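Here is what each chain is made of, one letter per residue.
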Amino acid sequence: MSKDRHEKEAGVLRSSVFVAALFALAGVVLAAPLGESKVFDWWDNGIITAEEATEILDLLEEGNQEEACLLAQTYAQEPCDETASSKARAGSTLEKISSGKKSAKAPSHPSLTPHGYIDWKGRIDSTGHLESHRTELQVQFYRYTLRLGSQELLAYKNQGSEAYFGDVSTRELHSQIPLDTLWGTALLYPFGNFHVAGLLDTAKTTQFRLGYGRRGIASVEAFYWHGFGTGGTGDTSGTSSLREGTEPAYPPINGVHSAGLQTKFPFGQVAAWWQHGQEFPLIKVQLYGSEKKERDNANGGKTVSKAGQNGAGNSGPDGAVTYSWRTTAYIHREKFPRYARLSKTIQKSRLWGSQSLSVRAPDLLDTRVSANGTLIEPLDADTMAVRLKLGAESGPEFLRFFASATCRDAGSNCRQTDWKGGLNLTPWELWALGASARVRHDRPEGFSPPHLELSSKFTDSGQSYTKFTFILPKCRPRDDIRLRSEFLISGDYLDISLVCTFKDVHRLHLTPLRGFAEAKVRF
């Protein structure tokens, strides 16, 4: 039995590695930054469930844009431009606007004038009361940065050297794999192309890192963890695990040891983390790239190809056709390192992969074609769940048409397929209208009643806007009509954002269903 079990696991491992390699070769659409309003849109459309929406919103509130994007690709088959928003600490609309306002070149010397912001976020439930909220204060002075609220941290940076005291996590420890938040001190010191770094927290957890890298070429870093006690799920080995349990009577005497390696190169990054007592390491792979083909007038109009490194899907010069792709994959077994913090859907998957591919042709009515795919191999099953989505958008600037088809499960020969189409009309520069319809085809039941949306958006000369969207879930006015309202007021020192969905609109009751509010003051 043991031999058969190991042979079965080896076969599954070989198939997982093979599929991951295929993901690396054929990856996925022109991505847009992810914000709360987009999550509410998917939620109101029935594309994602309440639990899935809450998981994405929690990550956005924490500022974990990368993981929120991964979940968006998994649950909604919608990629987002995580690289464009990574400079902002939070994934909210106000953070992206604030970062866009600071387009001027940063001064060569740090400012001696204290400056920063106060940011408040709140989520509203169906009763109109605050379901959750958080406040964050950030002050920058000279080479110091102080954060209070959701993260309590004092940071110091000077010519590559870094020092942190307080809540340290993925960003401060430069980890490619998401980490739990630890309270302690972290240091990093560079010398030449090498650097050394370390961590010590209040629970006597220590980390040591040694790395080598050349800017713009490649880098590699080895790390070692040593901790005491047990994992968060009560696993006696000190590892994170999916098995529920109770706290052991006697914690491990020798502590928990783990080590790993992570590397970056122009077209991706790879990390592997193994903990003592585990059968298989936790592996994360990210590959991305872009290519622009433009006309070179000095070369007789021949096509010139350029390799990109960000995979963000940005358009090139006027007339340049842009190709971009991005692949992300996680591979692990039932147990993974104690300090790794993975989303629930990744925890429950032996292999989790997400891919995106996009093509944009500005000269051809700014046509955009995209393909997205997600592959999940659960830990408790030998089958794989595959989702695929194809989309296209084209038309002049004042009238854009779009359409998409989503296969919810390729393993069942696309028994359920979502079809969506619509248009965006801009009769005036500051006014836009939108209409869309989505139907689900289920064999052999046939098509479901269409889900309709009608929207109107008013924008001022700046970045402030007001948008109203009427939602007819079953295309019948007597059914539950919903209204989603979005407001954004953006100024030099104050930004206010509000997204709220109301139900019972046909009865003129306007009962709140869910909402999100954010206010940000800069100084």
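Small disclaimer: the values here were computed from a predicted structure and weren't measured.

A closer look at the overall build of the chain
Helix and strand counts for the chain stand at seven helices and 28 strands. When each of the 523 residues of the chain is scored for burial, the buried share is 43%. Put simply, the chain shows about 26,800 Å² of open surface, and 59% of that area lies on carbon and sulfur atoms.

Some points on the packing of helix α2 (residues 36–44) against helix α3 (residues 50–62)
Relative orientation of the contacting elements α2 and α3 amounts to 175 degrees, with a least axis distance of 10 Å. Overall, the two elements α2 and α3 adopt an arrangement that is roughly antiparallel. Taken together, the residues of α3 that come into contact with α2 (itself represented by E36, V39, F40 and W43) are A50, A53, I56, L57 and L60. Class assignment for the residues of the contact of α2 with α3 results in eight nonpolar, no polar and one charged.

So, the nonpolar core
Counting 24 residues, the largest nonpolar core has W225 and W273 as its most contacted members. Mapped onto this core, the elements with two or more residues apiece are β4 (153–158), β5 (161–168), β6 (182–191), β9 (218–227) and β12 (268–275). For W225, the contacting residues outside a window of four places in its chain are L173, L179, L182, L199, T205, T206, Q207, V256, H257, S258, W273 and Y339. Grouped together as the second largest cluster of nonpolar side chains are 20 residues, I48, L60, A68 and F516 included.

Observations concerning the environment of F447
Mapped onto the fold, F447 is located in strand β23 (residues 446–447). For F447, a relative accessible area of 59% puts it in the exposed group. F447 sits 31 residues away from Q416 along the chain, and the two C-alpha atoms are 9.7 Å apart. In this view, F447 contacts W419, V439, R440 and H441; residues no more than four positions away in its chain are not counted.

Structural notes on the state of the cysteines
Using the criterion set out here, one finds one disulfide in the structure. Note that C407 is cross-linked by a disulfide to C414, the S-S spacing being 2.1 Å. What sets the handedness of the C407 and C414 disulfide is the S-S torsion sign, and at about -105 degrees it is left-handed. Given a relative accessible area of 7%, C407 falls into the buried group.

Section: the packing of aromatic side chains
Applying the stated criterion to the full structure yields twelve aromatic pairs. Their ring planes at 65 degrees and their centres at 6.2 Å tell us that Y330 and W352 sit as a pair that is edge-to-face. With a gap of 22 residues between them, Y330 in strand β15 (residues 321–331) and W352 in strand β17 (residues 349–361) connect regions that are remote in the sequence. For the residue pair Y330 and W352, the accessibility class agrees, reading buried in each case. Look at F468 and F487: their rings are 5.7 Å apart centre to centre, the planes differ by 85 degrees, and that puts the pair in the edge-to-face class. You can see F468 sitting in strand β25 (residues 465–472) and its partner F487 sitting in strand β26 (residues 482–490), a full 19 residues away along the chain. On the accessibility criterion, F487 (31% relative accessible area) is partly exposed. Chaining the aromatic ring pairs together yields one cluster made of F223, W225, W273 and Y339. Seen from the ring of W43, R514 lies directly overhead, with NZ or CZ sitting 4.0 Å from the centre.

Considerations on the pattern of salt bridges
Where charged atoms from two side chains of opposite charge approach closely, those side chains can pair. Scanning all chains against the criterion turns up 18 salt bridges. Between R484 and D44 there is a salt bridge, with the nearest N and O atoms lying 2.8 Å from each other. Here D44 lies in helix α2 and R484 lies in strand β26, a separation of 440 residues in the sequence. Per residue, the accessibility class of R484 equals that of D44, and both read buried. E486 serves as the salt-bridge partner of R484, at 3.7 Å between the closest nitrogen and oxygen. The class for E486 is buried, based on a relative accessible area of 5%.

Let's talk about helix α4 (residues 65–75)
Of all eleven residues that make up α4, ten are buried, and the element is covered over most of its length. The complete set of buried residues in α4 reads Q65, E67, A68, C69, L70, L71, A72, Q73, T74 and Y75. Count one or two residues on from α4 and you reach Q77, which has phi positive near 55 degrees.

Here we look at the confidence of the model for the chain
Predicted confidence across the chain gives a mean pLDDT of 80, with 77% of residues reaching 70 or more. Here helix α1 (residues 2–25) stands out as the element of the chain with the lowest mean pLDDT, 42, in contrast to β5, whose mean of 96 is the highest. The low-confidence segment residues 83–91, where pLDDT is below 50, has 25 contacts with residues more than four positions distant or belonging to other chains.

Quick notes on the side chain of T345
Relative to the elements of secondary structure, T345 occurs in helix α7 (residues 344–347). Discounting residues that sit within four places of it in the chain, T345 has contacts with E55, L71, T74, Y75, W352 and I376.

Some remarks on unusual backbone geometry
Among all residues except glycine, the phi angle is most often negative; among peptide bonds, the trans geometry is most common. Omega for the bond connecting R443 with P444 falls within 30 degrees of zero, at 5 degrees, which places this linkage in the cis form. Secondary-structure assignment places P444 in the loop between β22 (431–442) and β23. The phi angle at Y142 is positive, at roughly 55 degrees, despite the residue not being glycine. Mapping Y142 onto the fold places it in the loop between β2 (130–141) and β3 (144–149).

Conventions used here
- Residues numbered from 1 in each chain as written.
- Predicted model: local features only at pLDDT ≥ 70, side-chain atom pairs only at ≥ 80, totals over all residues.
- Heavy atoms only, no water.
- Helix = DSSP H or I, 4+ residues; strand = E, 2+ residues; numbered from the N terminus.
- Buried < 20%, exposed > 50% of the residue type's maximum accessible area, 1.4 Å probe, protein only.
- Areas by Shrake-Rupley, 256 points an atom, 1.4 Å probe, with all protein chains shown as cover.
- Axes fitted to C-alpha atoms, helices over the stretch in contact; angles between N-to-C directions.
- Parallel < 35°, antiparallel > 145°, perpendicular 65-115°, else oblique.
- Contact = heavy atoms within 4.5 Å.
- Nonpolar A, V, L, I, M, F, W, Y, C, P; charged D, E, K, R; others polar.
- Core = buried A, V, L, I, M, F, W, Y, C linked by side-chain atoms within 4.5 Å.
- Disulfide = S-S within 2.5 Å.
- Phe/Tyr/Trp six-rings, centres within 6.5 Å; stacked < 30°, edge-to-face > 60°.
- Lys NZ or Arg CZ within 6 Å of the ring centre and 35° of its normal.
- Salt bridge = Lys/Arg side-chain N within 4 Å of Asp/Glu carboxyl O.
- pLDDT = per-residue confidence, 0-100.

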